[in-house]
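Survey of secondary and tertiary structure
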Amino acid sequence: MTPAEARQRIVELRAEVARHDELYHRKAQPEISDFDYDQLKRGLAELEARFPEFTSADSPTQRVGDDRVQGFKEVAHRQRMLSLDNTYNETELRAWHARLVRLLETDDLRFTVEPKIDGLAVSLTYESGKLVRAVTRGRGDVGDDITVNAVTIQSLPRELRGAAPRVVEIRGEIYMAQAEFDRLNAERAAAGEELYANPRNTAAGTIKSLDTAEVARRKLEVVLYGLGYCEPEAVRTQTRLQQQLRAWGLPVVEKYWTVRGIDEVWSAIGELDQIRRGFAYGTDGAVVKLDDIAQQREAGMTDKSPRWAIAYKYKPDTARTRLKAITIQVGKTGILSPVAELEPVFLSLSTISRATLHNEDEIRRKDIRVGDLVEIERAGEVIPAVLRSFPEERLAGAKEFDLFQAVGGKCPVCGEKIARVAVDTESGLGAAWKCQNYDCRAQRAGRLGFFCSRRALAIDGLGETVAAKLVELDLVRDPPDLYDVSLETLATLNLGTVEEQRVFGEKNATKLVAAREAARALPLEKWLYALSVPDVGETTARELGRRHRSFAEVADSKLLRAVLRKAELEEEKERESPGSKKNPPKDDADRERRKARRSEIEAELATLNGGILAGMPSELGPAVAASTLEFFAGVPGKRLLAKLQKLGIDPQGTVMAAGAFTGKTFVLTGTLPTMKREEAEQKILAAGGKVSGSVSKKTSYVLAGAEAGSKLEKAQALGVAVIGETEFLKLLGR
Ligand code: IVH
């Protein structure tokens, strides 16, 4: 890999990891398993290690994931909350131990081995024994004050028993027990609501909810295992700490081990693996900590994690079962995806009878055939997946799977034509079959479900079942048709069968109507995303929403046409270059003509780049521009816009008039005298500017405060303008 390629890949991986960080920490809605996330991050760390010239303090490998959300007061931790390095294998664990032995110059080391609780980190501050505050980890140095929600946790003592330090920060994890999670989901299923994916994210979403009554209704729990700031100092070992926590009357882990040497650590990890499934909280690994706190201090830490502790993560559970059949599901975009129908098998707390097979290429690559014995994995949060088959045990005559044949060359739902299209898959670009009928029932139901999902308009109460029913009864063609369905119709909707009726009910219907009315006021970016415009994902929708005032403006977007024009010009410039080898000029006259044309093109490009396209993010490229314009010019898009107009729904974009900072890129470093970093960032974005993590020649200004670091030096070296808060505000025009 060349440095240029590495750099490109690093940038991509950073964006990808940051996206998953956001989904996990702030939204509590991850799209991939912890294992896959760890692999992704590890890939990035390895590349950064191979190409140290591209390391950056802003890389997600150098930071603690940020879980702060809006609506809570921010509080500084007296002692930073760190995260842990983790590993999935014994060799790395032993290497970690060997490093400690070298560092501390002794091989007589004691450790504790504790369950790694799969919850949400919390820091509880007790002053003179009284609980004063509960704060999330946040960014490590500051977190969200969630005290009002935390005090609804019944097992959380308001007072410590016995003698207590003057001030102590006690660290632990908030979680939701499996039984409570099941209860909650059963309730949601009955109400036709979207089911929660797993206890961890539900706990995280709940504790960050602004609806404290709802938090209290969902029984969260807490378990404590660590110490932050403590005055006066309380204990000398981690083992003593465990005992002290218990003596204070705090809930602690069911079991931990105090052991000597890495071999004993390893066997404790094995023992924990045997019993962890019986714990009230999900346990996805073991945390190994140096027992002696003086030694912990000596070992120290990196920016992000201590050297004295490591998390050993267990591999996700797997099971073997028989693949009975492969059925085909049609999603909201019309893509046909294969689903494994399995002989039911018990795995990670539930019975599994279906699993994803991703796509046809994957089935071929893994050589999976109907009738095979297969291994399936459930990584906790996401849908179970088929990992592999066992061809050596295959029954004679098992045929290779052919999706096109399996569906008889047509959509299994609507019977219309299917076509081969390119798709993004986890392993790169692939191909899939797609139903060509925009009005296919499966696509309509998929779009309606998505429209109401929490990521889109959050019209709670309308899950998959209700969506499918509304489409089946032809009550909804496009998602906005939902606004025409009356309260009575919704209340009497039968989600069951003719024999076994299950009505949606008055209460659920009323809630749904309230939610759909509330959604009217959501901004353009949410609506753009919710309407499933092809190629418009969450980020793209946000960028579009910031640059257009209304749907009408997007449909006839000057900006998107400029993006297309720019791509066209760049293509022409390349193709008609006077020096082109592929397409050389015919003669001197042609060469001269091309040179003249090149100047014209360059002039037009400069006008575009310096004008309408200044500050355009990479998300709004020609592909997105083409498909957005095409969609709104076509029948489905026109139909949607007409419908919205009839309903009086006209979502507003969050455009600012060309701001003071349009086209300008800022890099922030150090602590500003009065403004928080987030505030400054907000102001820059609001004024049309961009914020970047690293200084380059393209940086317009470095906004520097106290204790500014290497970014300041780099700015000076590159001759980039450095300004302070006062000048910044002056530039902003106040
Ligand atoms: S000690 C200095 N012990 O895992 C690091 N953490 O992946 C302090 N966690 O941020 C962490 N169980 O939220 C520690 N027994 C345990 C834990 C534990 C779960 C969480 C914690 C930490 C994260 C790191």
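What you see is a predicted model, and the numbers here were worked out from it, not measured in a lab.

**Some points on helix H3 (residues 90-104)**
Across its 15 residues, H3 extends 21 Å between first and last C-alpha, which sits within 8% of the 21 Å expected from 1.5 Å per residue. Looking at H3, one finds that the buried residues are Leu93, Trp96, His97, Leu100 and Leu104. Projected onto a plane normal to the axis of H3, the buried residues spread over an arc of 95 degrees and lie on a single side. The exposed residues of H3 that point more than 90 degrees off its buried face are Thr91 and Arg102.

**Side note on the site of the ligand**
By nearness alone, 13 residues border the ligand, and Pro115, Ile117, Arg137, Glu173 and Lys289 come closest of all. In the environment of the ligand, an oxygen atom lies 3.4 Å from a nitrogen or oxygen atom belonging to the backbone of Leu82. Contact with the protein chains removes 87% of the 520 Å² of surface that the ligand exposes when unbound. Of all the secondary-structure elements, those providing two or more residues to the shell around the ligand are strand S3 (110-117) and strand S10 (283-290). Element by element, the count of residues in the shell around the ligand is highest for S3, at four residues. Looking at the shell around the ligand residue by residue, the classes come out as eight nonpolar, no polar and five charged.

**Description of the sheet that holds strand S11 (residues 309-313)**
Reading across the sheet, the five strands line up as S2-S11-S10-S3-S9 and stay open at both edges, with mixed pairing between neighbours. Both outer strands of the open sheet, strand S2 (86-87) and strand S9 (257-260), are each paired with one neighbouring strand and no more. Bridging between S3 and S9 involves four bridges; their strand directions are antiparallel. Bridge assignment links Arg110 to a residue of S9, and that residue is Arg260. The sheet contacts of helix H8 (residues 238-247) involve S3, S9 and S10, and relative to S3 the element is tilted by about 50 degrees. Across the sheet, helix H9 (residues 261-275) touches S3, S9, S10 and S11, and the angle it forms with S9 is around 155 degrees.

**Some words on the pairing of strand S19 (residues 665-669)**
Each regular strand carries side chains that alternate between the two faces of the sheet. For S19, a buried count of five out of five residues is recorded, marking the element as mostly surrounded by other parts of the structure. Of the two faces of S19, the one lined by Thr665, Val667 and Thr669 and the one lined by Phe666 and Leu668 are each fully buried. Taken together, the three bridges between S19 and strand S20 (residues 690-692) define a ladder with parallel strand orientation. Its bridge partner lying in S20, Phe666 is registered against Val691. Of the crossover connections in this fold, the one passing from S19 over helix H24 (residues 677-686) to the parallel S20 is right-handed. In the sheet, S19 pairs with strand S21 (residues 701-704) via four bridges, with the strands oriented parallel. Bridge pairing in S21 places Val667 opposite Val702.

Calculation rules
- Residues numbered from 1 in each chain as written.
- Predicted model: local features only at pLDDT ≥ 70, side-chain atom pairs only at ≥ 80, totals over all residues.
- Heavy atoms only, no water.
- Helix = DSSP H or I, 4+ residues; strand = E, 2+ residues; numbered from the N terminus.
- Expected span 1.5 Å × (residues − 1).
- Buried < 20%, exposed > 50% of the residue type's maximum accessible area, 1.4 Å probe, protein only.
- Arc of directions from axis to C-beta.
- Near = heavy atom within 4 Å.
- Polar contact = N/O pair within 3.5 Å; in protein donor to acceptor, adjacent residues only side chain to side chain.
- Areas by Shrake-Rupley, 256 points an atom, 1.4 Å probe, with all protein chains shown as cover.
- Nonpolar A, V, L, I, M, F, W, Y, C, P; charged D, E, K, R; others polar.
- Pairing = 2+ DSSP bridges.
- Contact = heavy atoms within 4.5 Å.
- Axes fitted to C-alpha atoms, helices over the stretch in contact; angles between N-to-C directions.
- Right-handed = clockwise from strand over helix to strand, strands pointing away.

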